[in-house]
Amino acid sequence: MIQSLKHTDPQIFSLIKAEAKRQKNVLEMIASENYTSHAVMEALGSVLTNKYSEGFPGKRYYQGNSIADEVEMLAQERAKHLFGVPYVNVQPLSGAPANSAVYFAVLKNGEKMMGLSLAMGGHITHGHKLGLSGRLFTSVHYELGKDALLDYDAIEKQVMQEKPQLLICGYTAYPREIDFKRFGEIADKAGCYLMADVSHITGLIVAGVHPSPVPYAHIVTTTTHKTLRGPRGAMILVTEKGLQKDPELPKKLETAIIPGLQGGPHDNQTAAIAVSLKEAATASFKKYGKQIVANAQALAAELQKQGFELVSGGTDNHLILLDLRNKKVNGRVAAIALEAAGIVLNYNGVPGDEMPPLFASGIRLGTPAITTRGLKEKDMKKIAEWYRLAVKEVEGMDLPSDDKVKRSTLFKEYKAAMLKNKKLPAIAKEVKAFCKKFPIE
Ligand SMILES: Cc1ncc(COP(=O)(O)O)c(C=O)c1O
């Protein structure tokens, strides 16, 4: 007899139910989150989770893999077609291992990589000293230029001085378009590899609302769970240009995955990635990608009208970075207040931030998940108004950068004050009523 989850583990069952309810009743505005389809979740929750298939299609270390082979090859083919690349690896368990696999494949221990600093919007796996990449390899970082934009001339100059073996572009908190062509020219001039980590913007690239790095980079990495709207997971793409530079790249990447980093792939996850790639190849996904950007730009304009300061002055993609220093509100305090008001996002460092990462001065927000729910430009006015009202409740709640003890005392006081605040839950009630009009699948 099949025992349902409800019977086997009522505690987990009710926690999942509660999480579903939470996701339904709030505005999910974490720039890296989305709502996957039921089809994706069905594949993720399938019997494929029972299988071990270490190795790659046609060369596994376990028997019984003819179906797993078909699943993986289907995912590979769909990705190759969608991105126009000759080789795809769908086995990285997530974005961080995908990036590590690339480093293991193209760098020897101690060789040099160069990416944007974490403080300016790069990712921790792009050579930060506390991560694996920063510990095993030599890492130098470039910074943003004035107006918080990429300064390609300065990057080129630094690359020519530093001579890294690997140049990385693609970011976690950069709201502007990336000039992949220019990055390709810089890498070619220096004779190094170019890796584009497009985790955040893959869905936009597929939809044609952000240029693709494929003609210019040697390797592209991406998570599958952000704008692409698939399950958690990642892919590594090798471009024609990458194959020309090193025809052995696919083999090196496979060796980096296993035995380098991982054991068996998660076949259920691979199947779910395949499903999301099929969904991403449709005309309606293209429309979705366009709407993500249209919503982000409409929201950016409305937030500016409400007196918010946008890093770089706006957005070209799915995310907005607000510098809250002009409001005299700490970013973490604002994120807590907004959650109490039914709007979920993350606090985030801003260029030139004097605060430590745990008390960063800004917030990062994005439109991928609310766009999946069906929100349009006209709805952004209302959302911006809720931001204004919620942040007004905590205006003046900033924190010192140089006094740890005072910071901790004040933060506790602010949290207690927010718990007693009556206006924030009142906004959350309005948000919940609004969300009802936009049901999730
Ligand atoms: C640019 C970028 N690369 C890599 C990752 C890591 O992905 P994961 O959390 O799946 O390891 C992220 C996650 O936020 C990201 O933004």
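Note that the structure is predicted; figures quoted are calculated from it, not measured. (Residues numbered from 1 in each chain as written. Predicted model: local features only at pLDDT ≥ 70, side-chain atom pairs only at ≥ 80, totals over all residues.)

Caption draft 1: Representation of the packing of helix α5 (residues 95–106) against helix α11 (residues 249–261) within the structure. Across the interface, α5 lies against α11 with an axial gap of 8 Å and an inter-helix angle of 115°. Read as a crossing pair, α5 and α11 show a hand that is right-handed. Listed contacts from α11 to P97, S100, A101, F104 and A105 of α5 are L249, K252, L253, A256, I257, G260 and L261. Tallied by class, the residues present in the contact of α5 with α11 amount to nine nonpolar, two polar and one charged. (Axes fitted to C-alpha atoms, helices over the stretch in contact; angles between N-to-C directions. Helix = DSSP H or I, 4+ residues; strand = E, 2+ residues; numbered from the N terminus. Left-handed = near helix turned anticlockwise from the far one by under 90°. Contact = placed C-beta atoms within 7 Å. Nonpolar A, V, L, I, M, F, W, Y, C, P; charged D, E, K, R; others polar.)

Caption draft 2: Looking closely at the domain arrangement of the chain. With domains assigned, the chain is organised as domain 1 (43–280) and domain 2 (286–436). The gap between the C-alpha centroids of domain 1 and domain 2 is 30 Å. Each partner contributes to the interface: domain 1 provides 21 residues, whereas domain 2 provides 23 residues. Split into classes, the residues belonging to the side of domain 1 that touches domain 2 amount to twelve nonpolar, four polar and five charged. (Domains from an automatic or database assignment.)

Caption draft 3: Fine view of the packing of helix α13 (residues 283–305) against helix α16 (residues 377–392). Interaxial distance between α13 and α16 falls to 8 Å at its minimum, and their mutual angle equals 40°. The orientation of α13 relative to α16 falls into the category oblique. Crossing of α13 against α16: the hand is right-handed. Residue-level inspection shows A294, N295, A298, L299, E302 and L303 of α13 in contact with α16, the latter providing E377, M380, K381, I383, A384 and Y387. Split into classes, the residues belonging to the contact of α13 with α16 amount to eight nonpolar, one polar and three charged. (Parallel < 35°, antiparallel > 145°, perpendicular 65-115°, else oblique.)

Caption draft 4: A look at the pairing of strand β8 (residues 193–197). Most of β8 sits inside the fold, with five of its five residues counted as buried. Residue alternation in β8 divides its side chains into two sets, Y193, M195 and D197 and L194 and A196, and both sets are buried. The pairing of strand β7 (residues 166–169) with β8 spans four bridges and is parallel. Opposite L167, over in β8, you have L194 as the bridge partner. With helix α8 (residues 180–190) bridging β7 and its parallel neighbour β8, the resulting β-α-β unit is right-handed. Strand direction decides the pairing type here: β8 and strand β9 (residues 219–223), joined by three bridges, are parallel. Its bridge partner being in β9, M195 is matched across the sheet by I219. (Buried ≥ 20, exposed ≤ 12 C-beta atoms within 10 Å, placed from the backbone. Pairing = 2+ DSSP bridges. Right-handed = clockwise from strand over helix to strand, strands pointing away.)

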